[in-house]
Amino acid sequence: MQQRSRLAGRVLGGLMTLGMSCSSDGQGNMNGDPPGSGPGPMSLPPAASCAAAAGGGAAKTQAPTLLLTLKDRYEEAWLGSPAVADLDGDGKKEIIVPRGGLVVVWRQDGSLAWRYATGQSRIWASPVVGNFVGDSKLEVAVAARDRIILLDAAGMVLPGFPVTWQNEMRALAGGDVDGDGKLDLVASVGRSGPTDVVHAVRGDGSALAGFPPQMTGTSGCSVDGKCYLAGCYDQNLALGDLDGDSKLDLVAPHDNAYASIHKGSGVAFDSSSLFKPKKVIGVRYLHSLAEAQQGYASNEATALQAHFTNTAPAIADLDGDGKNEVVMLGSVQNAQQSQRELGVGLWAVRSDASRLPGWETPLHVPQYVSGLWDLGNTNIVAATNQVSIADIDASSPGPEIVFAGFDGTIHAVSAARSERWSYRYTSDPNVLTGGVAIGDLSGDGIPEVVFTSYSTDADKSALFILDAGGNLQHRIPLPRRGAMPVPTLADA
């Protein structure tokens, strides 16, 4: 299954365990809202789409119960989901969580393994765990303000780090970008400088050839000067192979109606001949394909366009042709930007910005309750416009796309652009979710959809588990302001 999943551990108060036996749970959701909106949940979950556990599993996952309480100090997380991995190779997994400007690592028994202070005020994104230096242990990478930091399995900074770039890097990803068989680190930045929004470094801290792509002149935007970059203010980054060369390419939507799509070499992809700009970074995401081709709106007061400020993109093969596409959820506004609260739009495009058949116009969910703006003056931030992609319905061709709109609702959309189901989790403008994680919790071969909510108000938030048809299985109240990051599903 392919999915973008980030954390569960901001203020869950502990680690919850998800078992395989059945237990009853009343149907209902917060604020007295009826479950679902639009087509609503399916009456029954779909057929199995992944391998079942040995001996089979239950149709309904066991209600989560508290397994561990992970304590340290008073810091809260931002949007970074925890990672779960055996860092030191002793056969026991650790739980790695960013909290404030700290990296905190707990053992399986809940004891503190180590803590690293970055010296910065916050780590926005999830930690990236992998073997970056080629030894027998794993490393932990984080982006904290203007620094990329790589730590060894014991929490010590590795040679070549920290790498200092621009403030503030809000997304970090790992993968083999240059095709040399070694993992690299890629970051995107919120407050962009005059030229670049993405950077990539090797496991020794040196910059990859061609990065940053604008500053080095690698992107190719100078061919016509039509590349319109802006900051990446959320986890606006995805890595994946878009051109079939086995090297990872990167996607970084901006704080405007444009998106960077680069090859692993740093070169920006050429745009389709449908569009006037030579490079994809110059293609404006107007809802009307004809207006996108001409490059401007005929009537800016009524024309709709995307705005990718908080867009966390995904890369997946939607149409089954063996080639990956780019999937993005953006906020919707009119072209003159005088109307901003117009819901969200779901896009599916190729690396040249051309649109898939059936996706000539993005899927628009216009209803609006909340989510475009930060909540209050604390660290409670706006909703992340992210998509999670997985095959949750074997009866429907291709994978499904699951996301939270600005309407207090979780939506599941087929690869062919039709809404399969929706589940309304709130009507309260002070309650949001960061997005969903997808995985088979009960072992029956049918995935579940898991998400948490968060709020400026105390004790309004919850952990939700839906079946693959959008039916509520469990709603577990969360204390205080809830959990802003996306849950992580792992055997801890």
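Just so we're clear, the structure is a prediction, and the values are computed from it rather than from any experiment.

## Considering the environment of serine 121
So, point 1. Structurally, serine 121 is set in the loop between strand S6 (112-117) and strand S7 (128-130).
So, point 2. In this structure serine 121 comes out as partly exposed when scored by relative accessible area, which is 49%.
So, point 3. The sequence separation of serine 121 and arginine 145 amounts to 24 residues, and the corresponding C-alpha distance is 7.5 Å.
So, point 4. Once you skip the residues sitting within four places of it in the chain, serine 121 turns out to touch Gly100, Gly101 and Arg145.
So, point 5. At a separation of 2.9 Å, a polar atom in the side chain of serine 121 contacts the side chain of arginine 145.

## Here's the deal with the state of the cysteines
So, point 1. Within the structure shown, the criterion is met by one disulfide.
So, point 2. Two residues share a disulfide in this structure: cysteine 221 and cysteine 227, whose sulfurs sit 2.0 Å from each other. Negative torsions about the S-S bond denote left-handed disulfides, and the value of about -85° found for cysteine 221 with cysteine 227 makes this one left-handed. Each member of the pair, cysteine 221 together with cysteine 227, is buried.
So, point 3. Free cysteine cysteine 232: the closest other cysteine sulfur is in cysteine 221, separated by 13 Å.

## So, the environment of proline 362
So, point 1. Considering the arrangement of structural elements, one finds proline 362 in the loop between strand S21 (344-349) and strand S22 (363-365).
So, point 2. Once the C-alpha coordinates of proline 362 and proline 127 are considered, the two residues, 235 residues apart in sequence, prove to be 32 Å apart.

## A closer look at the pattern of salt bridges
So, point 1. Enumeration over the complete set of coordinates arrives at 12 salt bridges.
So, point 2. Of the charged contacts, one joins arginine 115 and aspartate 72 as a salt bridge, the two residues approaching to 2.4 Å between their closest N and O atoms. Of the two residues, arginine 115 is situated in strand S6 and aspartate 72 in the loop between strand S2 (65-68) and strand S3 (83-85); the sequence distance between them amounts to 43 residues.
So, point 3. With a relative accessible area of 39%, arginine 115 lands in the partly exposed category.
So, point 4. Overall, the relative accessible area of 24% leaves aspartate 72 in the partly exposed class.
So, point 5. Across the salt bridge formed by glutamate 75 and arginine 73, the nearest N and O atoms sit 2.8 Å from each other.

## Here we look at the confidence of the model for the protein
So, point 1. When pLDDT is averaged across the protein, the result is 90; 91% of the residues are at 70 or more.
So, point 2. The model gives residues 1-37 a pLDDT under 50, and that stretch makes 164 contacts with residues more than four places away or in other chains.

## Side note on the sheet that holds strand S12 (residues 184-189)
So, point 1. Judged by pairing direction, the sheet is antiparallel, and its three strands sit side by side in the order S11-S12-S13 without closing on themselves. One side of each edge strand has no neighbouring strand; the edge strands of this open sheet are strand S11 (169-175) and strand S13 (198-201). With strand direction ignored, the average angle separating the axes of adjacent strands in the sheet is 20°.
So, point 2. Looking at chain direction, S12 and S13 are connected through four bridges and run antiparallel. Note that in S13 the partner of serine 188 across the bridge is valine 198.

## Thoughts on the environment of valine 327
So, point 1. Here valine 327 shows up in strand S20 (residues 325-334).
So, point 2. Using a relative accessible area of 0% as the deciding quantity, one classes valine 327 as buried.
So, point 3. Separated by 203 residues in sequence, valine 327 and tryptophan 124 place their C-alpha atoms 22 Å apart.
So, point 4. Every residue in contact with valine 327, bar those within four places of it in the chain, is listed here: Pro313, Ala314, Leu318, Leu346, Trp347, Val387, Ile389 and Ile401.

Thresholds, definitions, all that
Residues numbered from 1 in each chain as written. Predicted model: local features only at pLDDT ≥ 70, side-chain atom pairs only at ≥ 80, totals over all residues. Heavy atoms only, no water. Helix = DSSP H or I, 4+ residues; strand = E, 2+ residues; numbered from the N terminus. Buried < 20%, exposed > 50% of the residue type's maximum accessible area, 1.4 Å probe, protein only. Contact = heavy atoms within 4.5 Å. Polar contact = N/O pair within 3.5 Å; in protein donor to acceptor, adjacent residues only side chain to side chain. Disulfide = S-S within 2.5 Å. Salt bridge = Lys/Arg side-chain N within 4 Å of Asp/Glu carboxyl O. pLDDT = per-residue confidence, 0-100. Pairing = 2+ DSSP bridges. Axes fitted to C-alpha atoms, helices over the stretch in contact; angles between N-to-C directions.

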